[in-house]
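Summary of the model geometry
The chain contents come next:
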Amino acid sequence: MSVKAQNKLWFKVYKKIISIIYRKPKFVYLDKEITEPSIILSNHVGSKAPVRWELYFPHDFRFWGVAEMTKGPKAVYRYLSTTYFQQKNHWNKVFAKIVGFVATPFVNLFYRGMNLIPTYPDLRFVTTIRESMKTIFNGSNLIIFPEDSSKGYKDHLTHFFAGFVALAENLLKEGKDILIYSSYYQKKQNAFIIDNGIKYSELKSIYKKPKKIALAMKNHINDLAEQHSN
């Protein structure tokens, strides 16, 4: 059963309500549309890109997301008030805590419905890989935000983590040469620019090492942003 088909009725209704606030974006494919389970790399733009992917992307998929956002209201509040609002968005501490307190019930509910795959900065990342492979082999896409947002969200991406390369390598060992798509959400245009997919084996043959693959994909997404900025 697809991820979307598993969505409970309450979450479908919740998304309908939220969609009143978020205008539907355009999905601009520079070549062919996605037709098989793939990895889609995207910039984050705070909450702007993830929410629009979830509300409007017509294909079946799951997100990678920080594990804290899957562990209930207390963990969500800590992440929102400290990591997200203060560290990444540089808000005043008191204001961040107030907004975090108000937003937590709604954000927690949204994350409960999304069925995202939690990511970890330690050995527990093995569970992320395992669940991601299961998702791909079950026929769903994965949307991953590889950018380092520890100092905030940038229009021009400065660094990519290479976790998606580890996933692609494990898939290749199991006989799945995954397509990887570059995408960039343009705020002004309210559009996702999605380039043609490239097989992981091709990336590996060109760039050899995970960090170099991550750097190449980061640079390519920045190129997409510059080429489609108007």
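Remember, it's a predicted structure, so these values are computed and weren't measured experimentally.

**Brief notes about the pairing of strand S7 (residues 191-194)**
Going residue by residue along S7, you find Ala-191 and Ile-193 tucked away on one face and Phe-192 and Ile-194 tucked away on the opposite face as well. Alignment of strand S1 (residues 26-29) against S7, held across four bridges, turns out to be parallel. Among the inter-strand pairings, Val-28 is bridged to a residue of S7, identified as Ile-193. As paired elements, strand S6 (residues 179-186) and S7 share four bridges and run antiparallel to each other. Across the sheet, Tyr-184 pairs through a bridge with Ile-193, a residue of S7. Count of turn residues in the S6/S7 antiparallel hairpin: four residues, of which Asn-190 carries a positive phi of about 50°.

**A short note on the packing of aromatic side chains**
Using the criterion set out here, one finds 17 aromatic pairs in the structure. Judged by centre distance (5.6 Å) and plane angle (65°), the ring pair of Trp-10 and Phe-11 falls under edge-to-face. Take Trp-10: its relative accessible area is 30%, and that puts it in the partly exposed class. Given the relative accessible area of 1%, Phe-11 is considered buried. Note on Trp-53 and Phe-192: the rings are 4.2 Å apart at their centroids and 40° apart in plane angle, and the pair reads as tilted. With Trp-53 in helix H3 (residues 48-56) and Phe-192 in strand S7, this residue pair connects regions lying 139 residues apart in the sequence. Accessibility expressed as a relative area gives 0% for Phe-192, which makes it buried. Cluster of aromatic residues (ring-pair linked, three or more members): Phe-27, Trp-53, Phe-57, Phe-61, Phe-63, Phe-145, Tyr-185 and Phe-192.

Calculation rules
Residues numbered from 1 in each chain as written. Predicted model: local features only at pLDDT ≥ 70, side-chain atom pairs only at ≥ 80, totals over all residues. Heavy atoms only, no water. Buried < 20%, exposed > 50% of the residue type's maximum accessible area, 1.4 Å probe, protein only. Helix = DSSP H or I, 4+ residues; strand = E, 2+ residues; numbered from the N terminus. Pairing = 2+ DSSP bridges. Phe/Tyr/Trp six-rings, centres within 6.5 Å; stacked < 30°, edge-to-face > 60°.

On their own, these measurements won't tell you what the molecule is for.
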